[in-house]
Every structure is written in structure tokens, then in C-alpha cells.
Amino acid sequence: MYEIAASHWEHRMSEEKGEKIPMLANKETDEVMQPQTNGGGQQRSADVPKKMEEEEEEDADVQDKKPSGLTDLEKLGRNMYFKSEPRRIDYILAWSTEGKPEKLAHSKEARAVFEENLEKEGLKLERDEKEGAEIHYLKVHAPYEVLTRYAEILKVRMPVKKSMDLDKIQQKYAKLETILIKMEGGGFKRQVVTPMKAVSTRLWDTMTDITKKLFTPFQLDPNVVKPIKRRFNVAYSRDKEYLFDIPEDKDTYFDNATRNRIVNFILRRKPFSREKEKAYSFGINKMIADGHYTDAYPLHEGHWKPGSADNERKLLFDHWANWRNCFKIQPLDHVRGYFGEKIAIYFAWLGFYMLMLIPASIIGLLVFIYGCAISGNSYPANEVCDESKNFTMCPLCDYQCPYWKLSAACSHARASRIFDNNATVFFAIFMSFWGTLFLEFWKRKQAALQFKWDLTDFVTEEQPPRPEFLAKLEHITTYKEHPITGIKEPHLPFWRRRFPIYLMSWTAMLFLAFLAIVAVVGVIAYRISTLAALQVLTRDTPVTNSTFIASTAELVYQNASLVTTVTAACINLLIIVILNFIYNRLAFWLTDMECLRTQKEYDDSITLKLFSLQFVNYYSSIIYIAFVKGRMVGRPGKYATLFGGRQEECEAGGCLIELCIQLAIIMTGKQLIVNNIVEILIPKIIKWIKRRIWPETQEQKMSKSPWEKDYKLQPAETTSLFYEYLEMVLQFGFLTLFVAAFPLGPLFALINNILEIRFDAVKFTTELRRPMAERIPDIGVWYSVLYGISRIAVISNAFIIALTSDFIPRLVYTMAYSPDGSLEGYVDHTLAVFNTSDFEEAKRPVFEGSEIVETCRYRDFRNPPDSDDPYEYSQMYWHVLAARFAFVVVFENVIVVITGLIAWLIPDVPAKLKLHIRREAYMSNEIIIKTELMRAQGEQVGEADIERIIQDENQRYRSNELGSMELVHRRSASPPNDKEKDNIV
């Protein structure tokens, strides 16, 4: 490995001197190097591949146009080494040479102090300062001694020797599954004893096997994307190096992600000022915030375009980000090895979420098909469409609107029946269970990933103060010693300084939320006015011989409610996009004002603010339609008014169809259209404009170093994943909170997420600089948000079914009022009668022929005008109201109890995984204890000794069905004698 790196470096030095150095022998260069093992127990490709197919210095945009012939230098791949000697570049620091002279001098002094401290720490540095270049670079390399020192400090888990590998331990444990049975002719034989598994265990194993077989076509080719096998890892210790599988070339022991993480840890801790009173002037983040450096980042390992040299980045693009693999399971272990656990956990969660959407999509599609099938044979829809019924409806607005026939709403009634049927109730119940199962099974999946990626004993390191926090409080004279680090930091008294800021911040939050509600009221006013305008269109349309104008006017009149709903939803979507932009800026500004100390505190605060604002922004209009619209309308002759106008009524088919349209436009429009435009189209347009304004020749592109090319990419900011999580959590809210109104929601979400995974994968592999490989054990605060949404969803769906749909009125009618238990006559029973003579003169319709209409109908449960209590609520109204609240109580409590029981029955960590974790911890402890004892006694510990210790421990202990380690007696009551031992088969 080291010879390849040295050859790579010698070739580049010789190219500069005009010399030619022959390539290594074919034996060394024409064969792919055997993968090395990294710090996480994974296998990775060698740092410098032995067989390359593409020049590394070529710009990514022109690689597919490169000549077919490759030089020896081009075959060696990307330059990842120092110019002066063969040391791998672990990190790049960049700074600008432009600015005011005083500022440049101060930055130069700060960099000098910082770099001096880095060298004292043992890091190796090399500058790249091209004359006349605007950006200069510092290359950082961590020698093996530094890596081992900090690997011990950070408790990095490293793979042990293969003799201690878990597979071999497992094989030795298999011997304990045998017993000796005495044969009739003498002697003993070994027989495997398989314990009887419980029925539930066998059923679960069968379902798991079937699932694996179903997903076999979606697996990546293991010969191309080699599976990364987990190694038996323990926390690294320099005193116990005899345990670890350290290769001869020690520089290849730590994988690139681990090297980058260790270097970043050092960069974040070193001071850049010699003044003792500025003890908080430390860390690369503070230096970037102060302008001493412009950025710090690890290098990508190669290009991703077709024809490039083989590397991990290209492998991820070809077999993960590429669209031809959009139906393939993600190579999460490779993603983790390249980008780190934080990004890998996000893609694992997104992929698991997408898989869980498959059954929900299938059930939702079946519910939709069922609704389409029964919509034509529904008694209520047929009665609405039956013109012989001659239901004359009351005007939809005062004075200007005419009377209208209920049969004009035939299409709306049939469409509403598609989504408002008995299957909708089943689907709402199913999705309530689905939300719980999704979260519980994700916890199990997360536990498996934590074990596989060595995150089970993850301890969050103490975070330093944010650079922005220190910069804002630079002139504060009040200091307080931090209880953990002991460093004196600027301190803001809570009541005098922090409380007023918090009060102002959350007051502004309430105002911004109120702004979203005002926008909803504006859309309501638009709907009311537009509907009234379209209703009088036929009256004001001039008489013309044009058939097109007449037919168009008639079409608009008949579909006035649908046109109003669709246009209002589109306007609402536009308002949501605009408010999102405002909310993002103001939420960050408010959080900056709060002067939060650590990055975690800052992230939690911005998460709470943005999610709260986005929740109000996205869901306020939907909540209005679902629970408010049509509830307080009043009746003809006595309508409730708001700002002098009548409140909105639900259309003839009910409010559920309007809620469905609103959900479809906002959910699909925001995620499938707006988000993809922002994430994909706009960056491509900006990139195209930059190419036109600042064109570069191919020679200029090829002359740039890898760190210059990576610097041109977009920075991988800490908020990159925040917006991705926020987008998916909002989608989860759409699916669970209002799924009763839109059974196709899971299907649209599934389609969106298939695209989302590839869009995000393309962004991380091609458009962003390589992020620092951060380690986190879970999805953080987002799990609590998802859990809260799933609980609220139970109540939300109960009220949608009870109040928004006609499920309860239909149920009450069939059980208490229908003569034959069917829905025949249901529409007539739900339409109250109004005597037109009771209209106020100022609100009476003035159309020609209006005077001959004696009565009109309207949707409500009220007494007729000739009853003892005219226009008061009828008996059926109170029956329906009682049934609705009874349904809400029963639905909510039953679902909560069952989902709680499901959550209790499903353990967070699989039983087999618990056993595996305990076995590994036990074995590693026992091996270390015994080997240390042998060393203390002056004995030399080799692989054979470790093998003997493992064998001894396997014979002494085994794991029982409960996962506990129990002692195995070495001698039975009647052990076989020496002669019998020779006869053991």
C-alpha cells in the first residue's frame, strides 16, 4: 500500500521535473488491491487504487468527453498526497488573500499561532500558495501516532485480530449446541441439540425469510457493491495493540472518515491567540466565523462522472445516486463509510420510511378503488343526481345568487363518495396502527444499526461554545466558569439579559403564526367572493350567438365550487411558499438573538421554531376546512356573518372532497413540484449562469488541484439535513393527521420519497463538499416530533370521520330512521325545508321566476317551517351529535389502548441483538482480563494464546434462552473415560 502511495507521489514529482518514472510492475498495478479494514469494522478500498480508468485532475463536467488514451499518471487516480512527501491529505483549510491590510495582517498572525499549535500536536502541514491566486490552501495530515493517541481518547472502536472475530467465536459457540450420546456398541457420538422455538418466534422467522426473498430483486449486485461485513470491534487502546488487526502499513489502518473526524476534533480544540484573557479564542469554527479562514473540509476521494477512476465516491454515485438504481436497496454501510453515521442514519431512516409506505400505499389505493367502484351505485349519490327528485336548493349568497337544482352537484356528490365511505374509517384505523408500527419498528432498525456501526455505547462529547456565541459576547465583561470544562466564558444573566430576548423572540413567533392565520382568512374571503361572482356569471353574461361563450359560462357555473376550491388551494400554496421563505429568515434571526451557547442548543431551538411555524403555515387552511368550515353557517333567513359577509358553506357533496383537493394540491404541489424546483432546478440554473459568466477552458479546469475543485462545490452546512428532516416530518403529518380525507396520500408520498432519496444522494455525492463524518446514534429530536404527531393524528382522524365526513349521519339514519336499514331516502332526510317568504326583503333573490319558488332546501337537521318550533334543530340533529362525540371517544380510546399495547409488546431492541451485544461485551472483557494477566506475569501473548483463551471461555460459558451467560460444567456426573473419549464420533 505504502509503495503505491510513494509511486503516486514520485510520478507527480517527476512530472514537474520533466522526468519519466516507469510504473510499478503489472503484478502491483494491474490487480485491484485487497480492501483494508477501517475503524468501524468495515472494508474499504485502498487509498490509492492499483488499477484506474480515468485521470483524476480532469474537471467533472468534461470527464465524459476525455480522450480514450490514459497516461500512467492518469491511471493512478486523484492526488490525495502532499507535494513534498507521500503523506495523505486528511483536511484542507482555505483562506482568502483579499481584504483590508489590517484585517489580513491580523488573520495571518492568528493562522500562524493556530498552525504552530497544530504542529505541536503532531499534525503535518503543507501550504499551497499560488502566486496571484485569490484563495490559498493548507493541507493537513495526521500521522499514525496522532491518530492512535486520539483514537484512544475518543474511544474509537477498532477491529480486533481475525482470530478473535465474532464469526469464529460464533463457530466455537456452535460446538456448545452439541451433546454426547452413548452408543449401544460403546463409545460416544455428538448430536446437535436444537432448542424448540416458540410459535411466535417460528412465525416471525418465516415472515422474515419471506420478506427477504421478496426483496431479493431489489438488492444490489454483491459482486459489484461488495457487502461490508461487520468485524468484532473493541475500544482502541495503545497499551493493548496486540488485540488489534494492525496491517504492516499502519497508515492504512484508520479509514478516511475516522481520520477526518480525528483531525476535525483537533482543529476544533486548538487556540489561535496567545493572549490568556482570550481563552475562548480557539477552534477552526471560530476562526472561520472571524474570517481568518474561509472554510475547512475533507477532500472527496475522486470524481463521479462515467469513465473516472474507481473510487468510493464514484461507486456511491453509480450504485446509489444513479437513477437506474432508484428501486434498489441503499448501500448504507458504504454511505456510512464515506459520509459518516449522521448522514447514513438519515438515509437509513428515509429508506425505512419509504419501505413502510409500501403497505400503506397499497391499502390506500385499494380504498380509493373501492370508493370509485361504489360511487356509481350509492343511494345518496344517485338521489342527488336524480333530476326527478326536483330538489330546489336555497341560494348560495344573498340577493345576487339564484335558486339552484341539487342535481347540478351530481359530479361533486359522486366524487365525494369516492373518499367518503365506510372503507375510509377502516383506512383511518389502519393508518393509526401504521404510525405506531412505523415508529416501533424504526427503533428496532435503529438499534440494529447502532450495533452494526458501533454506536451502542455512544457518548456525546462536551460541545464547545458556538463561535457566533463568543463573537456576540466578545465585549461582555461578566464571565462565568463553565462547570464541565472549567474555562471562563462570557455570561448573560437570565432575568436581565436573556429573559427579555426570549420574550421578544416568542412574541415574534406568535405574530408570525398569526400572520399565517390571517393569510387563511384572506383565502377564505377570496373563496366567498369568487364563488358569489361565478354564481351570477350566467345572469351577467350577454346574449350572444357564440356557442363557445355560452357553453363555457354554463360549464363554469356548474363547477363554480370546484373552480373556487382549486384556485384557492393554488393561491394558498403560493402563500405557503412565500411565508416559508419569510419564516426561515426570521426563525434563524430570532435564534441568533437568543445567544445560545452550544450548537445542540441552537439546533433544538431552531427546530422548535421552524417546525411550529411550518405546522401553522401548512396545516391552518386544512384544519379550517376539516373542522371549522360549514359548522357555524346558520340557516336561510338567519345566516351567521363575519365582517359583514356570510360564512362559507360546504358544497353539496360535503366538505371532505374539498379537504381532499386541498391536501392533494398542498402536499403534492409543495413536495413534488416546489421542493424539487428549489433543490434541483434552481441550483442547475445558477450553475449554468456561472458557466456563462465565468467560462473556463479545459486546460484551466485540468490545471486545478482537487482541493480547488472541491472548494468550488457548495459547503456542507450543519443545516443541510435539518431541512430534509423537516420536509419528511411535515409529510408524515399530512399522512397521519388527515389521511382519512386522502387515502392516496401514502402513494404520492412513496413516489416523492423514491425521488427524494436519489435527489439527496446526487446532492451529497456531486454538489456538496464532503462533510465531516459526524457520529450520532439516532435521529435526535425528530423522533419525539414524529411520536407527538402520531398521537395527535388519532384525535384528528377521529374528528374528521365524525364531523367532516357523512359517516356518522349515514350510520344514524340506517340504524334509527331508515325503514329498511338502507340509505334510500337519506338525502331527502338530510335536507331541511325553508319557506322563501321568510327571507328578508334585502336578501331575497331577484331573478326572474324567483317569486314562484315557495320553498327551498338546505343541508341541515332542522324542523320544517310548519312545525311547532320552526327552524330549530331536529331530533335527528341531537342523535347525530351524540353519535359523533361517542364515536370520537370510542375511536380515540380504543386506538390509543391498542397502539400502546403494540408499542409495549414490540421491544425496542430485538432479543437476538440483545444477546449478541451481551455476548460480545462479555467475550471482549474476558479476553482482555486474561491476556493482561498473562502479560503481568511476564508471558508473551501471541495469536495462539488468544485463540486458547477464546476456546476456554467458549467451553466455560454459553448463552441461555433469556440472553444471560450461564456456566457450563466441564465434567458431567459420569464422564467418558480416556478409552471412551477415543471412540467419540
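Here the structure is a predicted model, which means the values were calculated and not measured.

**Q** I'd love a proper account of the overall build of the protein, names of residues and values included.
**A** In terms of regular secondary structure, the protein is built from 33 helices and 22 strands. Among the 985 residues that make up the protein, the fraction classed as buried is 51%. Partitioning the contacts of the protein with sequence separation of at least 6, the portion at a separation of at least 24 is 76%. When the accessible surface of the protein is split by element, carbon and sulfur atoms take 59% of a total near 48300 Å².

**Q** Which residues make up empty space enclosed by the protein, and what are the values?
**A** With a probe scaled to a water molecule rolled over the atoms, the places where space remains empty come into view. Overall, the coordinates contain six cavities of 30 Å³ or more when judged by the stated rule. Lining of the largest cavity is provided by 19 residues; of these, P380, A652, G653, D806 and R859 occupy positions nearest its centre. Its residues assigned to classes, the lining of the largest cavity shows nine nonpolar, five polar and five charged.

**Q** Give a detailed account of the packing of helix α12 (residues 341-375) against helix α15 (residues 422-452), specifying residues and quantitative values.
**A** Across the interface, α12 lies against α15 with an axial gap of 10 Å and an inter-helix angle of 160 degrees. As summarised for this structure, α12 and α15 are arranged roughly antiparallel, according to the angle between their axes. The crossing of α12 and α15 is right-handed. Counted by class, the contact of α12 with α15 contains 23 nonpolar, two polar and one charged residues.

**Q** Describe the sheet that holds strand β4 (residues 124-128), naming the residues involved and giving the relevant values.
**A** The strand order across the open sheet formed by four strands is β4-β5-β3-β10, and the pairing between neighbours is antiparallel. Two strands in the sheet have a free side with no partner beyond their single neighbour: β4 and β10 (295-297). Averaged over all pairs of adjacent strands, the angle between their axes in this sheet comes to 20 degrees, without regard to strand direction. As defined by bridge partners, strand β3 (residues 91-96) adjoins strand β5 (residues 135-141) across six bridges and the pair is classed as antiparallel. Directly across from S96, in β5, lies its bridge partner I135. Contacts from helix α4 (residues 101-121) reach β3, β4 and β5, with the element oriented near 150 degrees to β4.

**Q** Before we move on, could you go through unusual backbone geometry and cite the residues and values that matter?
**A** Positive phi outside glycine occurs at D454, with the angle close to 60 degrees. Overall, D454 belongs to the buried group, its relative accessible area being 3%.

**Q** Now, about a nonpolar patch on the surface: what can you tell me, with residues and values included?
**A** Together, I673, I677, V678, L681, I682, I685, I686, W688, I689, I693 and W694 make up an exposed nonpolar region whose accessible area comes to about 1100 Å². Along the chain, W688 turns up in helix α22 (residues 655-693). Using a relative accessible area of 48% as the deciding quantity, one classes W688 as partly exposed.

**Q** So what's going on with the nonpolar core? Which residues, and what values?
**A** If you look at the biggest cluster of nonpolar residues, it comprises 133 residues, and the most contacted ones within it are W349, Y353, L406, L659 and I779. The element best represented in this core is α12, accounting for 15 residues. In this view, L406 contacts V384, F391, M393, A652, V827 and L831; residues no more than four positions away in its chain are not counted. With 41 residues, the next largest nonpolar core counts Y150, M158, V160 and V234 among its residues.

**Q** Describe the UniProt feature "transmembrane region" (unreviewed entry) in the protein, listing the residues and the values that go with them.
**A** If you check UniProt for "transmembrane region" (unreviewed entry), the listed places come out as residues 346-370, 423-442, 501-526, 562-583, 606-627, 728-751, 779-803 and 881-906 in our numbering. The annotated region residues 346-370 carries 100% helix and 0% strand content, and the separation between its end C-alpha atoms amounts to 36 Å. Annotated as 92% helix and 0% strand, the span residues 779-803 places its first and last C-alpha atoms 36 Å apart.

Basis of the calculations
- Residues numbered from 1 in each chain as written.
- Predicted model: local features only at pLDDT ≥ 70, side-chain atom pairs only at ≥ 80, totals over all residues.
- Heavy atoms only, no water.
- Helix = DSSP H or I, 4+ residues; strand = E, 2+ residues; numbered from the N terminus.
- Buried < 20%, exposed > 50% of the residue type's maximum accessible area, 1.4 Å probe, protein only.
- Contact = heavy atoms within 4.5 Å.
- Areas by Shrake-Rupley, 256 points an atom, 1.4 Å probe, with all protein chains shown as cover.
- 1 Å grid on protein atoms, 1.4 Å probe; cavity = no way out; pocket = protein on both sides within 12 Å on 5 of 7 lines; lining within 4 Å.
- Points joined across faces, edges and corners; volume = space filled by probe spheres on them.
- Nonpolar A, V, L, I, M, F, W, Y, C, P; charged D, E, K, R; others polar.
- Axes fitted to C-alpha atoms, helices over the stretch in contact; angles between N-to-C directions.
- Parallel < 35°, antiparallel > 145°, perpendicular 65-115°, else oblique.
- Left-handed = near helix turned anticlockwise from the far one by under 90°.
- Pairing = 2+ DSSP bridges.
- Patch = residues over 30% accessible without salt bridge, like charges linked within 9 Å, V, L, I, M, F, W, Y side chains within 5 Å.
- Salt bridge = Lys/Arg side-chain N within 4 Å of Asp/Glu carboxyl O.
- Core = buried A, V, L, I, M, F, W, Y, C linked by side-chain atoms within 4.5 Å.
- UniProt positions renumbered as here; feature names shortened; annotations may be inferred.

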